[in-house]
Each structure stands twice: as C-alpha cells, then as structure tokens.
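Chain by chain, the residues:
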Amino acid sequence: MDVTIISFPFEQTGRLLRQLSLSGEAGNVLAIIIYVLLGLSPCIAGLWLKKKGSFCRVDYLLFVLSAFLFGVLYYMINPGLFTVPVAGSGKLLLGGSFYSFLLGYLLLRILKKTAEADMSGLQRGLRVMLYAAFVLFAGLTAVELCYSLPAAIRTAGMENSAGLAPGMENGLSFAGGVEEGASLTVTCFFLAFQSAVNVLPYVLNLYLLFLAIRAVNELLREPYSDKAVAAVKQVGVRSRQALALVVISGMAFHVAQLLCRNKLSRITVTASFPLISVLFLLAILMVAKYVEENQKLKRDNELFI
C-alpha cells in the first residue's frame, strides 16, 4: 500500500492547516480552531456515546485516541519536527500507528458489545459490520481503479519512452532494451486487465454484501420464513460462484500474459492469492450454510412436534 494512502487524510489536512496558519493572523486563528476540533473529535464521540447510554469501559480509549490524534496532526503540520532514521517514513509511521490504534479500539468495542448482546443484538451488529465492510471494499475498489492503475500506466509510458523494460515486478526486476515488437497499447491493456483481476474480488464482495444485508434484514423481520430461507440460500450459492470466478480470472490473466509476452514491455509475475477476499467469501458461505441448516432443523422439529 502506498504511503500517501496510509497517511490520508492526515497529510493533506496538515498541509492545509499549515498553509492556512501562514496566510495571516485570521488564518492562523482559524487553523488553531480546526486543529482543536479535529483533535477533540474522538472525545466528542465518547461524550455522545455516554449521553446515548451506550458508553462502556473500552470507550475510555477514545480519550487516549484524541490525545494521539492531536500529536499526529501536529507533526503532520510540522513534519520537520518528527525525525526518523529512514527518510520519508515519518508520515507512514504516524498514519499507520493511528489507524492501528483506531482499528484496535473498534475491535475491542465489538468484542465487548457482542459478549453482552442477545441474538437480535448480534444480528443488528452483523448488519452494521456488513455496512462497514461494504464501505471498505468500495474504498479498495476506488483506490485500485483511480490510483494504482493510472500510476502503473504512467510508469509504463515513462519506461517505454526511456527504452527500458522493468522485467518482473514484486521483488525481481531487471533493466534492458525493450524487445522489438513490444507495444505500449498492449501493455496498458494488460495493466488494465490485471487491475480488473485485482478489483474483481472487491466487486464480488460488494455484491455479496448487498445480498447478505438483504438476508439479515429478512432474518430480523421473520427468521424462519420462506423468504429468509431463500435469501440465505442465495448468499451461499453466489459465494461459491464468486470464489470460482476469482480463481479463474487470475488463471486467465497469467495464461493471456504468457501468450502475449512478446508484445509486452512490462510483465507482471505474481503468485498472489486474494486471501482476505477468499476468507471473506468463505466466511459468508459458512454463515449461510449454518443459518440454512439451523432453519432446516427448526422446521424438522416443528414437523416432529
């Protein structure tokens, strides 16, 4: 993952606040107000939870997170004050540490709430998690298509202009003359092909999340209705199909690249496996099978009685 992604939006916020502060006395006052409000946002969230009556001991971490956020924003505004031995890693360290702390807090809160919840509460929590996962996979899709793919195409264009072939990516690379017959158009097509293969699991996850959210809504309305059973069964079927499609797309890309190798000025050799996406698909499939079996058992018991 690129440094700019990990440090987003702190780096951009820090740069904006610095420019605002240097614009004049009024700008400096406004920058301080924005800085304080942003830094206090986790505290405000904690107070809101307390007012709502859903505050728990884990939520005290929000006040620690607020102090952490003040520090991160301060050093993003004044990056020269945050010294690290490895040049250019300061913003990566700050952003990554904050996101790690934030995710840790969210996981601890989820564990706390799930331990106290009944079945209905767990189903509502599951729906919230599904919405959060939907946002995550939509963001990953946007990063791949709007950032990674254009950057790869620009790099291929510069390498083609310089007459250099980068060789193999992901750890092994060599420079040399571009083979005669290599085409920038074909190379860009395969970069887009690879990007489509990378983004396919995310898109399928979004589709499955839509189906899963609909199934959870049906379960909340009437757990053992025919509509709920059909919705859960559909999630299971589509999960199996999605897993097959993810695997086949990766195979197709590498076979096509092998066949067109003499036309490419940039060759990508990966042994990557979309572990997170596959685990997610398997988890949905297992949950769907579990709910389906539970509903079948319930109906069998009703028939027996």
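On to the overall build of the protein chain, then. Scanning the protein chain for helices and strands turns up nine helices and zero strands. Counting from the amino terminus, the protein chain carries its helices and strands in the arrangement α-α-α-α-α-α-α-α-α. Looking at the 305 residues of the protein chain, the share that counts as buried comes to 33%. Within the protein chain, counting contacts between residues at least 6 apart in sequence, those at least 24 apart form 75% of the total. Put simply, the protein chain shows about 18,500 Å² of open surface, and 69% of that area lies on carbon and sulfur atoms.

Turning to the nonpolar core, a few remarks are in order. Counting residues in each nonpolar core, the largest one holds 18 residues, and the members touching the most others are Phe-10, Val-72 and Phe-98. Mapped onto this core, the elements with two or more residues apiece are helix H2 (10–22), helix H3 (25–52), helix H4 (61–77) and helix H5 (90–116). Examining the composition of this core, we find that seven residues originate from one element, H4, more than from any other. Those residues in contact with Phe-10 that sit more than four places away from it in its chain are Leu-69, Val-72, Leu-73, Met-76, Gly-95, Phe-98 and Tyr-99. By size, the runner-up hydrophobic cluster in this structure holds 12 residues, among which are Leu-200, Leu-204, Ala-228 and Val-235.

With that settled, the discussion passes to the packing of helix H7 (residues 184–221) against helix H8 (residues 226–259). Packing of H7 against H8 brings their axes to within 9 Å, and their N-to-C directions diverge by 175°. Between H7 and H8, the crossing angle belongs to the class labelled roughly antiparallel. Class assignment of the residues belonging to the contact of H7 with H8 gives a composition of 22 nonpolar, six polar and four charged.

Glancing now at the packing of aromatic side chains. With the rule as written, the count across this model stands at 16 aromatic pairs. Judged by centre distance (5.4 Å) and plane angle (50°), the rings of Phe-10 and Tyr-99 are tilted. Of this pair, Phe-10 sits in helix H2 while Tyr-99 sits in helix H5, and the two are 89 residues apart along the sequence. Site record: aromatic cluster; members linked through ring pairs are Phe-10, Phe-68, Phe-98, Tyr-99 and Phe-101. The ring of Phe-55 carries Lys-50 above its face, with NZ or CZ at 5.2 Å from the centroid.

Looking now at a nonpolar patch on the surface. Taken together, the side chains of Leu-103, Leu-106, Leu-107, Ile-110 and Met-129 present a nonpolar region at the surface, about 440 Å² in accessible area. Of the residues forming the nonpolar patch, the biggest block, four residues, is contributed by H5. Its location among the elements puts Leu-107 in helix H5. For Leu-107, a relative accessible area of 54% puts it in the exposed group.

Within the protein chain, residue pLDDT values average 77, and 74% of them lie at 70 or more. Confidence scores differ between elements of the protein chain, with helix H1 (residues 3–6) showing the lowest mean pLDDT of 62 and H4 the highest of 94. pLDDT under 50 marks residues 164–180. Its contacts with residues more than four places away, or in other chains, come to 31 contacts.

Below, the discussion takes up H3. Here H3 contains 28 residues, and its C-alpha end-to-end distance of 39 Å stays within 8% of the 40 Å for a straight helix at 1.5 Å per residue. Its maximal kink placed at Ser-41, H3 deviates by approximately 50°, while the proline Pro-42 follows within four residues. Immediately beyond the C-terminal end of H3, within one or two residues, lies Gly-53, with a positive phi of roughly 90°.

What follows deals with the pattern of salt bridges. With the rule as written, the count across this model stands at three salt bridges. Of the charged contacts in the structure, one is a salt bridge between Glu-11 and Lys-91, with a shortest N-O distance of 3.2 Å. With Glu-11 in helix H2 and Lys-91 in helix H5, the pair connects residues that are 80 residues apart, well separated along the chain. According to the relative accessible area criterion, Lys-91 is partly exposed, its value standing at 27%. A salt bridge links Asp-59 to Arg-109; the shortest N-O distance between them is 2.7 Å. Linking Asp-59 in the loop between H3 and H4 with Arg-109 in helix H5, this pair joins segments that are 50 residues apart in sequence. Note on accessibility: Asp-59 and Arg-109 belong to one class, buried. Overlapping salt bridges bring together Glu-11, Arg-15 and Lys-91 as one network.

Calculation criteria
- Residues numbered from 1 in each chain as written.
- Predicted model: local features only at pLDDT ≥ 70, side-chain atom pairs only at ≥ 80, totals over all residues.
- Heavy atoms only, no water.
- Helix = DSSP H or I, 4+ residues; strand = E, 2+ residues; numbered from the N terminus.
- Buried < 20%, exposed > 50% of the residue type's maximum accessible area, 1.4 Å probe, protein only.
- Contact = heavy atoms within 4.5 Å.
- Areas by Shrake-Rupley, 256 points an atom, 1.4 Å probe, with all protein chains shown as cover.
- Core = buried A, V, L, I, M, F, W, Y, C linked by side-chain atoms within 4.5 Å.
- Axes fitted to C-alpha atoms, helices over the stretch in contact; angles between N-to-C directions.
- Parallel < 35°, antiparallel > 145°, perpendicular 65-115°, else oblique.
- Nonpolar A, V, L, I, M, F, W, Y, C, P; charged D, E, K, R; others polar.
- Phe/Tyr/Trp six-rings, centres within 6.5 Å; stacked < 30°, edge-to-face > 60°.
- Lys NZ or Arg CZ within 6 Å of the ring centre and 35° of its normal.
- Patch = residues over 30% accessible without salt bridge, like charges linked within 9 Å, V, L, I, M, F, W, Y side chains within 5 Å.
- Salt bridge = Lys/Arg side-chain N within 4 Å of Asp/Glu carboxyl O.
- pLDDT = per-residue confidence, 0-100.
- Expected span 1.5 Å × (residues − 1).
- Bend = angle between axes of the 7 residues up to and from the residue.

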